[in-house]
Amino acid sequence: MGSLKEVRNRLVSVKSTQQITKAMKVVSAAKLRKAQSRIVQMRPYAQKLQGMLSQLSGSLDGSDGKKFYQIRPVKKVLMIVITSDRGLAGSFNSSIAKETLRLMKEKYPAALAAGNIDIITVGKKGRDFFAKTKFTMVEEHATLFTHLTFEAADEIAQRIMQSFLDGKYDAIDLIYNKFKNAAVFIPSVERFLPIPVEQVKPGAKASKIDYIFEPSQEAIVGRLISQSLRVNFFRTLLESNAAEHGARMTAMDKATENAEDLLRALKLQYNKERQATITKEILEIVGGAQALNS
Amino acid sequence: MQLEILTPEQILFSGEVSSVKFPGTAGQFEVLENHAPIISTIDAGKIRVRNAKGEDQYFEVNSGFVEVFKNKITVMV
């Protein structure tokens, strides 16, 4: 019986696929834990930076940092699209691609029509997607996530900030998956430059301590703002990284479950076929024996 | 006094110290017990951390910030 063997083969192949998805789930869970702890580890730094900045927000106007707030008419746009290097993570990458295209149409129709939107991709999947489109990819970073360090991220961030200061781009947006929990990520858009104004709260004056400022308040603020932008870029990458592993873990969990369902159905089919074969064989033997007797 | 050296990736140092010397932007400076509150930027160089026993420990930095407030020093590099 051909079909009996076919069913058995399918059973074996589904089982081995299930083993793979199960293993991938476990690996993703471990990676997710690591990625999450990196986000947590960065928190004290970010908080301290924010605290210092609020101490000094009064002297922002005279400082170097002011130019990061400069709002210009938007002619040229840069989008930093953060995806993952590997697939099998559910809708992780496709939702980013979709979000990016939607954003272009809704937020920057003029720049889109004039072909004034450039793209920087982080992650292989984003590169592969946008390589097929008409947009100019000024930079692509395909292996950043294999070994994600602050230095590597910082280098990119500084280049991006310089291109804003040089007037190459009037608006720079980050598109990435925000990490909510292991099962949920939110495709998000964040304005990177110019810095949205609501981020500085001049009204919320922290308890004024009589600090000595060296070399000067303005110089410190300028550097603080630049540093907080760079840290923010790094945080975005960390979040996307955690979200990626969470998405893959969920996707692999679903796949393992689906394989289980499939296995159950196949097993039932297999047993039915087997029973049918046996019944048929008995009938043949009995029929043969009766033919001899009569 | 208490010293904490933070980077975006980890806490590099955290503990009790007796003096710390920084490569400040406006020149090298040393922080001892009961230093006045200060916020300063630091440039490339070495931070020298001295503990109560007089033992030194060095940290190489490229740039960063120091805040001293009530015998608590926070360094961000």
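Here the structure is shown first, and the text comes after it.
Every value quoted in this text rests on a predicted model; they were computed, and no experiment measured them.

**Notes on the overall build of chain B**
Scanning chain B from terminus to terminus reveals zero helices and nine strands. In sequence order, chain B lays out its α and β elements as β-β-β-β-β-β-β-β-β. Judged by the C-alpha coordinates and their principal axes, chain B covers about 25 × 25 × 20 Å. Of all intrachain contacts in chain B linking residues separated by at least 6 positions in sequence, the fraction that spans at least 24 positions is 46%.

**Things to note about the nonpolar core**
All names here are of chain A. Of all hydrophobic cores here, the largest spans 75 residues; its most connected members are Met79, Ile80, Val81, Ile82, Ile172, Ile175 and Leu224. Among the elements that line this core, the one with the most residues is helix H6 (residues 217-293), at 16 residues. Those residues in contact with Ile80 that sit more than four places away from it in its chain are Ile120, Val122, Ile160, Ile172, Asp173, Leu174, Ile175 and Phe192.

**A closer look at the sheet that holds strand S7 (residues 56-61) of chain B**
All names here are of chain B. Pairing within the open sheet is antiparallel, and its four strands lie in the order S4-S3-S6-S7. Each end of this open sheet is capped by a strand with a single partner; those strands are strand S4 (29-31) and S7. The sheet shows a mean angle of 20 degrees between the axes of neighbouring strands, taken without regard to direction. In this sheet, strand S6 (residues 45-50) lies alongside strand S3 (residues 19-22) in antiparallel orientation, the contact comprising three bridges. Within S6, the residue paired with Lys21 across the bridge is Arg48.

**Some points on the interface of chain B and chain A**
Each side of the interface is counted separately: chain B has 19 residues, and chain A has 21 residues. The dominant element in the side of chain B that touches chain A, judged by the number of residues it contributes, is strand S5 (residues 38-42) of chain B, at four residues. One ladder, built from three bridges, connects strand S6 (residues 212-214) of chain A with S5 of chain B; its direction is parallel. Paired with Phe213 of chain A across the strands is Ile39 of chain B, a residue of S5 of chain B.

**A short note on the packing of helix H5 (residues 150-165) of chain A against H6 of chain A**
Residues and elements named next belong to chain A. Closest axis-to-axis distance for the H5/H6 pair is 9 Å, and the angle between their directions is 120 degrees. Here H5 lies oblique to H6, going by the angle between them. Considering the relative orientation of H5 and H6, their crossing is right-handed. Only Ser226, Leu229, Arg230, Phe233, Phe234 and Leu237 of H6 make contact with H5, whose side of the interface consists of Phe150, Ala153, Asp154, Ala157, Gln158 and Met161.

**Side note on unusual backbone geometry**
Residue Pro194 of chain A follows Leu193 of chain A across a cis peptide bond; omega there is -10 degrees. Following the sequence through the fold, Pro194 of chain A ends up in the loop between strand S5 (184-193) and S6. Omega for the peptide link from Glu214 of chain A to Pro215 of chain A comes to -5 degrees, which places this bond in the cis form. Phi angles above zero are rare outside glycine, and Leu88 of chain A is one such case at about 55 degrees. Examined against the element boundaries, Leu88 of chain A turns out to sit in the loop between strand S1 (77-82) and helix H2 (92-107). One non-glycine residue with positive phi stands out, namely Asn34 of chain B, at about 60 degrees.

**A few points about the pairing of S6 of chain B**
All names here are of chain B. Across six bridges, S6 lies against S7 in antiparallel orientation. In the strand pairing of S7, Lys46 is matched with Glu60. Linking S6 to S7, which pair antiparallel, is a turn of five residues; within it Gly54 sits at a positive phi near 85 degrees.

**Notes on the environment of Pro215 of chain A**
Inspection of the secondary structure puts Pro215 of chain A in the loop between S6 and H6. Pro215 of chain A gets classed as partly exposed once you count the C-beta atoms within 10 Å, which come to 13. Each residue touching Pro215 of chain A, except ones within four places of it in the same chain, is listed here: Thr25 and Ala26 of chain B.

Parameters and conventions
Residues numbered from 1 in each chain as written. Chains lettered and ligands numbered in written order. Predicted model: local features only at pLDDT ≥ 70, side-chain atom pairs only at ≥ 80, totals over all residues. Helix = DSSP H or I, 4+ residues; strand = E, 2+ residues; numbered from the N terminus. Contact = placed C-beta atoms within 7 Å. Core = buried A, V, L, I, M, F, W, Y, C linked by C-beta atoms within 7 Å. Buried ≥ 20, exposed ≤ 12 C-beta atoms within 10 Å, placed from the backbone. Pairing = 2+ DSSP bridges. Axes fitted to C-alpha atoms, helices over the stretch in contact; angles between N-to-C directions. Parallel < 35°, antiparallel > 145°, perpendicular 65-115°, else oblique. Left-handed = near helix turned anticlockwise from the far one by under 90°.

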